[in-house]
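Listed below, chain by chain, are the residues.
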There are 2 protein chains.
Amino acid sequence: MKRDKYIDNIDVEEALQKFLSKIDFKREIEKKAPWDSLDRITGDLISANFSSPNYNAAAMDGIAVLSKKTINARENSPLILKEKTDFLYVNTGNPLPKEYDSVIMIEDVVELDKGEVEIISPARPWQHVRPVGEDIIKGEPVLFANHKIRPQDIGALLSAGLMEIPIYKKPKVGIIPTGTEIVEDSKELSYGKIMDSNSRMFAAMVEKWGGEASRFSPTEDNYHKLSETIKKAVQENDIVVINAGSSTGTKDFTASIIGDMGEVLSHGVALKPGKPTILAVVQGKPVLGIPGYPVSAFISAETFLKPLIENYLLQKKQNRSKIKAVLSRSIPSSLKHREIVRVTLGFIDGKLIATPLSRGAGVSMSLVKADALLEIPRNYEGYQKGEEVEVTLLRPLEEIGEYLISIGSHDIVMDLIADEVNLSSTHTGSMGGVTALKRGQTHIAPVHILNEQNGVYNEFLLDKYFDDETVLIRGVEREQGLILPKGNPKNIFGISDLLKENIIFINRQRGAGTRILLDYLLKKDGISSSDITGYEREATTHMACATAVKSGSADVALGIKAAAQVMDLDFIPITFENYDFLVKKETLSDERMKSFLNFIRSQRFEDKIKNLGGYNARETGKLIFKGDIS
Amino acid sequence: MKRDKYIDNIDVEEALQKFLSKIDFKREIEKKAPWDSLDRITGDLISANFSSPNYNAAAMDGIAVLSKKTINARENSPLILKEKTDFLYVNTGNPLPKEYDSVIMIEDVVELDKGEVEIISPARPWQHVRPVGEDIIKGEPVLFANHKIRPQDIGALLSAGLMEIPIYKKPKVGIIPTGTEIVEDSKELSYGKIMDSNSRMFAAMVEKWGGEASRFSPTEDNYHKLSETIKKAVQENDIVVINAGSSTGTKDFTASIIGDMGEVLSHGVALKPGKPTILAVVQGKPVLGIPGYPVSAFISAETFLKPLIENYLLQKKQNRSKIKAVLSRSIPSSLKHREIVRVTLGFIDGKLIATPLSRGAGVSMSLVKADALLEIPRNYEGYQKGEEVEVTLLRPLEEIGEYLISIGSHDIVMDLIADEVNLSSTHTGSMGGVTALKRGQTHIAPVHILNEQNGVYNEFLLDKYFDDETVLIRGVEREQGLILPKGNPKNIFGISDLLKENIIFINRQRGAGTRILLDYLLKKDGISSSDITGYEREATTHMACATAVKSGSADVALGIKAAAQVMDLDFIPITFENYDFLVKKETLSDERMKSFLNFIRSQRFEDKIKNLGGYNARETGKLIFKGDIS
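Quick notes on the rules
What you see as residue numbers is a count from 1 along each chain, following the sequence as written. Written order decides the labels, with chains lettered from A and ligands numbered from 1. Two thresholds apply to this predicted model, a pLDDT of at least 70 for residue-level local features and 80 or more for giving and counting side-chain atom pairs, whereas whole-chain, interface and lining totals are computed over all residues. The side-chain numbers reported here are obtained from all heavy atoms of the structure, hydrogens and water having been left aside. If DSSP finds at least two bridges between two strands, the strands pair. Note on conventions: DSSP H or I runs of at least 4 residues are helices, E runs of at least 2 residues are strands, and numbering of each starts at the N terminus. For helices, the fitted axis covers only the stretch in contact; all axes are lines through C-alpha atoms, and the angles between them, taken along N-to-C directions, range from 0 to 180 degrees. Here the term buried applies to any residue with accessible area under 20% of the maximum for its type, exposed to any over 50%, and partly exposed to those in between, with areas from a 1.4 Å probe on protein chains only. We call two N or O atoms a polar contact when they sit within 3.5 Å, provided that within protein one can donate a hydrogen and the other can accept it, with sequence-adjacent residues counted only if both atoms are side-chain atoms. Note on contacts: a residue pair is in contact if any heavy atoms of the two residues lie within 4.5 Å. Whenever a carboxyl oxygen of Asp or Glu lies within 4 Å of a side-chain nitrogen of Lys or Arg, that contact is scored as a salt bridge. Aromatic contacts are taken between Phe, Tyr and Trp rings whose centres are within 6.5 Å, Trp giving its six-membered ring; a plane angle under 30 degrees counts as stacked, one over 60 as edge-to-face, and the others as tilted. Residue ranges for the domains originate in an automatic or database domain assignment. Least squares is used to superpose the copies, and the fit set is the C-alpha atoms of residues whose pLDDT is at least 70 in both copies.

Moving on, we come to the sheet that holds strand β7 (residues 102-105) of chain B. Each strand in a sheet pairs with another by means of backbone hydrogen bonds, the pair being arranged parallel or else antiparallel. Residues and elements named next belong to chain B. Pairing is antiparallel in the open sheet, where three strands are placed in the order β6-β4-β7. Of all strands in the sheet, those bounded by a partner on one side alone are β6 (88-90) and β7. Each neighbouring strand pair of the sheet contributes to a mean axis angle of 40°, computed without reference to strand direction. As paired elements, strand β4 (residues 62-65) and β6 share three bridges and run antiparallel to each other. From the neighbouring strand, Ile-63 faces β6, where its bridge partner is Tyr-89.

A word on the side chain of Thr-277 of chain B. All names here are of chain B. Residue position: Thr-277 is located in the loop between β19 (271-272) and β20 (278-282). Judged by its relative accessible area of 0%, Thr-277 falls in the buried class. A polar atom in the side chain of Thr-277 sits 2.6 Å from the backbone oxygen of Gly-274. Contact partners of Thr-277, with chain neighbours within four places excluded, come to Ser-266, His-267, Gly-268, Val-269, Leu-288, Gly-289, Pro-291, Ser-300 and Phe-304.

Now for the pattern of salt bridges. All names here are of chain B. The tally for this structure, following the rule as stated, stands at 76 salt bridges over all chains. We note a salt bridge from Glu-116 to Lys-82, for which the minimum N-O separation is 2.7 Å. Residue Glu-116 is found in strand β9 (residues 116-119), and its partner Lys-82 is found in strand β5 (residues 79-82); the two are separated by 34 residues along the sequence. Residue Lys-82 is classed as partly exposed on the basis of its relative accessible area, which comes to 42%.

Turning our eyes to something else, we now look at the packing of aromatic side chains. All names here are of chain B. Under the defined criterion, the tally for this structure stands at 16 aromatic pairs over all chains. Ring centres 6.0 Å apart and planes at 55° place the aromatic pair Tyr-380 and Tyr-383 in the tilted group. The buried category is assigned to Tyr-383, whose relative accessible area is 12%. Relative to Phe-605, the ring of Phe-599 lies with its centre 5.5 Å away and its plane at 70°, an arrangement referred to as edge-to-face.

Turning our eyes to something else, we now look at the domain arrangement of chain A. Each assigned domain of chain A is listed with its residue range as follows: domain 1 (12-26 + 170-312), domain 2 (29-53 + 134-168), domain 3 (57-130), domain 4 (322-395) and domain 5 (423-628). One C-alpha centre belongs to domain 3 of chain A, the other to domain 4 of chain A; they are set 67 Å apart.

After a rotation of 180° and a shift along the axis of 0.0 Å, chain B superposes on chain A with an RMSD of 0.1 Å. Interpreted geometrically, this transformation is the action of a two-fold axis. Relative to the rotation axis, the closest C-alpha in chain B is found at Ser-321 of chain B, a distance of 4.0 Å. Both copies share a contact surface, since 100% of the interface residues of chain B are interface residues in chain A too.

Here the amide bond leading from Ser-52 of chain A into Pro-53 of chain A is cis, since omega sits at -10°, within 30 degrees of zero. Position of Pro-53 of chain A relative to the elements: it lies in the loop between β2 (46-47) and β3 (57-58). Put simply, Lys-272 of chain A and Pro-273 of chain A share a cis peptide bond, and its omega is -5°. Inspection of the secondary structure puts Pro-273 of chain A in the loop between β19 (271-272) and β20 (278-282). One non-glycine residue, Lys-114 of chain B, adopts positive backbone phi at about 50°. Examined against the element boundaries, Lys-114 of chain B turns out to sit in the loop between β8 (110-111) and β9. Although it is not a glycine, Asn-488 of chain B adopts a positive phi angle of roughly 45°. Tracing the chain through its elements places Asn-488 of chain B in the loop between β32 (470-484) and β33 (505-508).

In structure tokens:
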């Protein structure tokens, strides 16, 4: 099979404009009841069928009178009116009786006996009367064309007596997941298979944007079958999305199939993630080839599919809310492409801080964890830490303000806490946490670093890096040791066994407390790190290390017992260590911090970590100040 | 029937907090597929069923190799590898074959004949390999509880092998429209009847907020029937809304019925519009009595129903986007209540200008036309013109930026233009337009004011009020005259007939060109305005005047022929006048203004106004500068 080794790198805007200019949608109108038209787009000017109100109506609860009969009423000479002769009771909304021209509020009426009332001031003609058409006049426009219908519009349409209105049909978007390895039921998720997740994500995006998704079952990588499916999809839909198969693999047929059916306008755009996107036109309809990595898929759909649907519905581009934030870390980027970086956000001392997440195109969890997207334009070298940038929110700002930010070492207890307390954690290792706290970029810095001088964990950090305004909250004690495959097939019993031939190690990233512990242990035993296979291979969490061991890509890792237990692996204990939290004193009075402290000091928390195994909560929640350290 | 003449005036926040504190929702969880869970709320922590990927996968298209066999590859001494022996072709996503530990990108491989390839640098172990769990690790949390599910979350849930997830059931909201005058089909919209519009508006609001609306057919004002319906609604729903019947009319049963069934916490809140709101609890469930006027209904539901649904779904209060704008007019308000004012927005010279709309609680069109809501807190006397205020958007800001703002005289042609050009008009009369243009609060000021000295319309305004930077765009000539009931039953043939006994006139508001014309005509004939019945009764548009004549609340009005024709009324011509547009010169180069000019100069426009009758477009679109006037 011939393959395209290289794809283009066309500018995003240029590619999009060319794409849009080649398409002339055939929009259709349908008639629906207003109450079935929420969020739909009006297909024409809609004028009122009836005036509202369609009669002169009492605007207040009270009595209807003929105004000229009331002109002599005075405070010192009240006028007495007789029911049925001089007045009639009316409630708000009642038609004004024919013979009357004015309404007096019930609060201004003194009710006497025998159907008589007394008034002390005259009524102006037409006072407290809602005239015909006060709200809507028959024949006048209620909604103009190309308007997105809101709840209040539905109310006005009905008030105007409209039972059916013209709206644009939703654009139909055919979505074709491709790939022999793709399954749509988790029961079929055997080794080497991948769940079809993108097509369902696209369907939800299309629904949000006002389209109607029509999803196909996954199609295997077979030129003929794929070609038939695409043909069918183009026939039945206004827009077609083919997911995966757009890159340079030997089974990446998408571009050549579409090229045979219509015109490929561009293959490869200057966008990261999302580069191997295909923009094509088949029978006048837009066909999009979107790459398979989940983040690429999301970004490519946002960039090219959303404008198509907006164009179909004649809606202006609607930007998500943007906001300014300060970057906690530098993000270098290539001049070659526009890059979209996922960031978490947090309010620290009133400043909104943005922290970049994993930049891997394959990490769908980075989209889940992201609070916002940061766009680095093409021809930019990226942004510096401390720089103010504009980010696009993926979550309401109100919610973000509720979250406590944690940057630092990773432990499974952080997930456990996050299930009960609004906590957003980023894992950078202990030293990353220390730096972030010093810079005012986090509320909490989880740390576990051994002081080699005295064998005590973390307390020395207060002295070494912080002033009196910082405090250490005792977290948990946890067991560190070697994580090994079940049954320990390669007979690894201690650190020195890492030197053995055929043993592949997996390490934690630079700055992680576990890595500092390893280096300490190696030094103690006089072992050079360069003699350990895999020392350079880094994972950022205990669970990631345990997973590497579980899946056979590593034979051993240093990590916490809980990770070994969750993964059903063997564990050889080496030491107990303190996993603690550094915070600024002033943060202790923050309501969010109080919830955090309340929870970690609770019996519920202690029960939960005992359940995990390898932990104890002896002093959890105790505050250690700089002066306390001897 | 006993009635409550006076209702309470309880502070909004106080009433709401008391209401929320009395309710303890019984939330239920249901299981749904992720793809059926968009915008739903997770009912529990959701952890991964499978790791993703669940195997070590090629991260690039290329070849899989064993890294240690490649260490000797150099640029000046390439290494030749044999397929099946030394390498295997892999595509992105393929499982890494068991005997290999690394992937070389296809771009870095030179393909030779006979299944051989050449490489020029060694492969690092595990390079371009996506390890098991790179995205999601089995057992780790994918989503925490109380999270609103987005498209990207659906993708991640499926990647984690989750086919079913726990989500909160939607809160069921029973909605009961009440009132004997209420009909739900426009076929039944006879004299004295009103369309049920609020209940459908509420249903749409509930849907938007994440609840499930269950709407009842309108119930008549009958104590027993209403009582039975409310009982049923409370049984079947989590929240009940009763619309109308909450005020002080003789048929306003809502408060007493709810009081008999449960506890009325407050009846009457310090909110305008929306004061006669009832907050009650029946069988532990919240029951809301919401007033019937459409704007009151909307504001009351936003204020009290939305927080209930957010509370049920454990979601933080989500504020709509807010933005700062400058007020074009003063808005006095009472200290007694929080007032919500509807405003239109427009960008004039880069500044966002807010103009208040009708403050009538009965004008649902003010909600349709509003771009934003302005809240005037309790104990405030209102805001001054020119003051910067914060408003809550009802329409995306991007859309607002596309609109040309018009403030001034009203004519039906403005609706006709608005159907083709993005135009937002407010009707203040000609002089209101002149003032707004001088203050930089509008792009266009439509005017028709007669210069009594020379009988020429509008041109003198340039001299009298503006500098050289203002220009008059010729609009249309239109016929003004007397608007009369069909057949002219009271034999009105001229201005002097307004003095006849039993003739009720309806006037235009102060500052309207038509009123200035009337005053001119009265002066000419030596008639005193105080002798005309109805001179003080004001309407703000020609159509509103014509409607008053049509409905019999007035016998005659002065207005344009087109309004008489649309309403099928008689018309006696008095004069032709010029309806023109004042704009700043610099606005002429604005793209939105260009569309406006292009349209009014088009044949299509001329055809449309000829269709209306009473117009001609002789010089439409001609520009008149100050210097041009002789």
